[in-house]
Amino acid sequence: MTKAKVAFICTHNSCRSQIAEALGKKLAGDVFESYSAGTDLKDQVNPDAVRLIKEHYGIDMLANGQKPKTLADLPAVDYVITMGCGVRCPYLPAKKRVDWGLEDPTGQDDETFMQVIKEIEDKVLKLKQELS
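Residues numbered from 1 in each chain as written. Predicted model: local features only at pLDDT ≥ 70, side-chain atom pairs only at ≥ 80, totals over all residues. Heavy atoms only, no water.

**Things to note about the packing of helix α1 (residues 16–28) against helix α3 (residues 110–131)**
Right, so step 1: For the pair α1 and α3, interaxial distance at closest approach is 9 Å and the crossing angle is 45 degrees. Classed by the angle they form, the pair α1 and α3 counts as oblique. The chirality of how α1 crosses α3 is right-handed. Between α1 and α3, the contacting residues are Arg16, Ile19, Ala20, Leu23, Gly24, Leu27 and Ala28 on the first element and Phe113, Val116, Ile117, Ile120, Glu121, Val124, Leu125 and Lys128 on the second. (Axes fitted to C-alpha atoms, helices over the stretch in contact; angles between N-to-C directions. Helix = DSSP H or I, 4+ residues; strand = E, 2+ residues; numbered from the N terminus. Parallel < 35°, antiparallel > 145°, perpendicular 65-115°, else oblique. Left-handed = near helix turned anticlockwise from the far one by under 90°. Contact = heavy atoms within 4.5 Å.)

**Points about the packing of α1 against helix α2 (residues 47–57)**
Two packed helices can be described by the angle between their axes and the distance between those axes.
Right, so step 1: The contact between α1 and α2 brings their axes to 11 Å, and the two run at 25 degrees. On the basis of their axis angle, the class for α1 and α2 is roughly parallel. Between α1 and α2 lies a crossing of right-handed hand. Counted together, Ile19, Ala22, Leu23 and Lys26 of α1 and Ala49, Ile53 and Tyr57 of α2 form the full contact between these two elements.
Right, so step 2: Along the lines of polarity and charge, the residues of the contact of α1 with α2 split into 6 nonpolar, no polar and 1 charged. (Nonpolar A, V, L, I, M, F, W, Y, C, P; charged D, E, K, R; others polar.)

Written out as structure tokens, the structure is:
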């Protein structure tokens, strides 16, 4: 059976969507393939996201090849999950669309950042259960 392809979409593809891609690969890679993309890219993945994901999950996002990507970089996907940034995505064919409504932790302290990361972790695990 082919694994579902899930795209996590956020405006800059530098923080929340990148975190979701990394956690999706680590925590649910046996159930679905994780991708991320954005509509108005930043130059790099948020350094706080990179640092905290490495410290708390042992995932080196940069060494794993994560970088800001556009919607055009995505394969055909089954699920589109937006992060809650009001992105008006161009039409992206998918079986299901969901908005997770997450606050952007960019520029916040580590505690606030980790609250958002934990929320993403919980949502990734729920999605894994839903798709199992």
